[in-house]
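Architecture at a glance
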Amino acid sequence: MTLHALTVDRLTCIRGGRLVFRDLSFELAHGQALALEGANGAGKTSLLRMLAGFLAPVAGKVVLHQDDTQIAEGETRAKRIGWLGHLDAAKPQMRVGEVLQFFARFYDASASESDITAALEVVGLVRLADLPCQYLSAGQKKRLALARLRLCARPLWLMDEPLAALDAAGKTLAAAMISAHCKDGGMAVIATHEPLGIASERLPLSGAG
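The shown structure was predicted, so the numbers you read here are calculated from the model rather than taken from an experiment.

Thresholds applied
Along each chain, residue indices are assigned from 1 in the same order as the chain's sequence is written. A pLDDT threshold of at least 70 governs which residues receive local features in this predicted model, and a stricter bar of 80 or more applies before side-chain atom pairs are shown or counted, although totals over entire chains, interfaces and linings include all residues. Just so you know, side-chain values use all the structure's heavy atoms and leave hydrogens and water out. Residues belong to a common nonpolar core when they are buried Ala, Val, Leu, Ile, Met, Phe, Trp, Tyr or Cys residues joined through side-chain atoms within 4.5 Å. Each residue is assigned to one of three classes by its accessible area relative to the maximum for its type, calculated with a 1.4 Å probe on protein chains only: buried under 20%, partly exposed between the two thresholds, exposed over 50%. Comment: elements are numbered from the N terminus, with helices defined as DSSP H or I runs of at least four residues and strands as E runs of at least two. Residue contacts are defined here by distance: any two heavy atoms, one from each residue, within 4.5 Å place the two residues in contact. Here, strands pair whenever DSSP counts at least two bridges between them. For every element, the axis is a line fit to its C-alpha atoms; helices are fit only across the contacting stretch, and the angle between N-to-C directions ranges from 0 to 180 degrees.

This paragraph deals with the nonpolar core. Residues Leu100, Leu144, Leu146, Met159 and Ile178 are the most contacted members of the largest nonpolar core, which totals 38 residues. Of all the secondary-structure elements, those providing two or more residues to this core are strand 3 (33-37), helix 3 (96-106), helix 4 (113-122), helix 5 (138-152), strand 7 (156-160), helix 6 (168-183) and strand 8 (187-191). For this core, the element with the highest residue contribution is helix 5, accounting for seven residues. The residues contacting Leu146, other than those within four sequence positions of it, are Leu84, Val123, Met159, Leu166, Ala174 and Met177. Judged by nonpolar contacts, the second largest core, of 31 residues, contains Leu11, Phe21, Leu28 and Trp83.

So this is what it looks like as structure tokens:
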């Protein structure tokens with residue numbers, strides 16, 4: 001599926017009684033990446049959670065535009081979103097390949113064994129397909145999360161610090177995957193504390209509390 005745009009209109013966020021941001025508006029077109037920048041507590045993760053539908057805004061709205069349809073309801077919006085957060089979503093006892101099989105079913109991606117192998121090949125984990133996830137390093141778990149995003153083929157990627165725990169080669173890989181996703185017509189919103197190394201729009205968040 002292809003999304004034409006993401007529209008955010010006058011969002012207000014309050015967490016724990018503290019105003020994080022208010023009246024936040026922006027628009028992202030298909031093929032674009034947006035880097036959320038700002039200090040800890042500025043609201044980057046909260047904004048990502050609102051876009052994903054995990055957190056309800058106090059005011060404002062989030063709309064995805066697909067063909068002639070505007071998608072504002074959180075659960076419907078979530079079906080177009082791939083999420084990469086701080087938690088690796090890899091159960092220790094599951095093998096690397098099994099994790100991708102599970103998420104392919106969860107996302108209804110209809111992925112074949114060859115699709116799973118290809119996704120692991122891209123992130124450099126194909127030789128570890130049968131290894132339990134408890135033996136992966138933090139950087140390898142992040143690579144597995146990137147493989148999950150690629151495999152599940154959701155048009156909007158929401159990514160919270162995707163470069164964290166990655167070595168130089170891993171950061172180059174992540175940047176290349178985001179660029180390829182956008183080149184194919186996808187969109188990405190990325191919270192980051194470091195340069196992504198790709199062409200992107202920028203949204204500095206300063207917080208309001």
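Our focus in this paragraph is the sheet that holds strand 4 (residues 59-66). Judged by pairing direction, the sheet is antiparallel, and its four strands sit side by side in the order 2-1-4-5 without closing on themselves. In this open sheet, the two strands that pair with only one neighbour each are strand 2 (18-29) and strand 5 (69-71). Ignoring strand direction, the axes of neighbouring strands in this sheet form an average angle of 25 degrees. Strand direction decides the pairing type here: strand 1 (residues 5-15) and strand 4, joined by six bridges, are antiparallel. When the bridges of strand 4 are listed, Thr7 appears paired with Val63. This element, helix 1 (residues 44-52), spans strand 1, strand 2 and strand 4 of the sheet and lies at about 125 degrees to strand 1.

Strand order in the open sheet made by the five strands is 6-7-8-3-9, with parallel pairing throughout. Looking at strand neighbours, the two that pair on one side only are strand 6 (81-84) and strand 9 (201-204), the edges of this open sheet. Ignoring strand direction, the axes of neighbouring strands in this sheet form an average angle of 15 degrees. By the bridge criterion, four bridges tie strand 3 to strand 9 in an arrangement that is parallel. Bridge pairing links Ala35 to Arg202 in strand 9. Its contacts with the sheet put helix 1 on strand 3, strand 6, strand 7, strand 8 and strand 9, and the angle it makes with strand 7 is roughly 155 degrees.

Our focus in this paragraph is the pairing of strand 6. Where burial is concerned, the two faces of strand 6 agree: the one with Ile81 and Trp83 and the one with Gly82 and Leu84 are both buried. Pairing between strand 6 and strand 7: four bridges, direction parallel. When the sheet's bridge partners are listed, Leu84 is paired in strand 7 with Met159.

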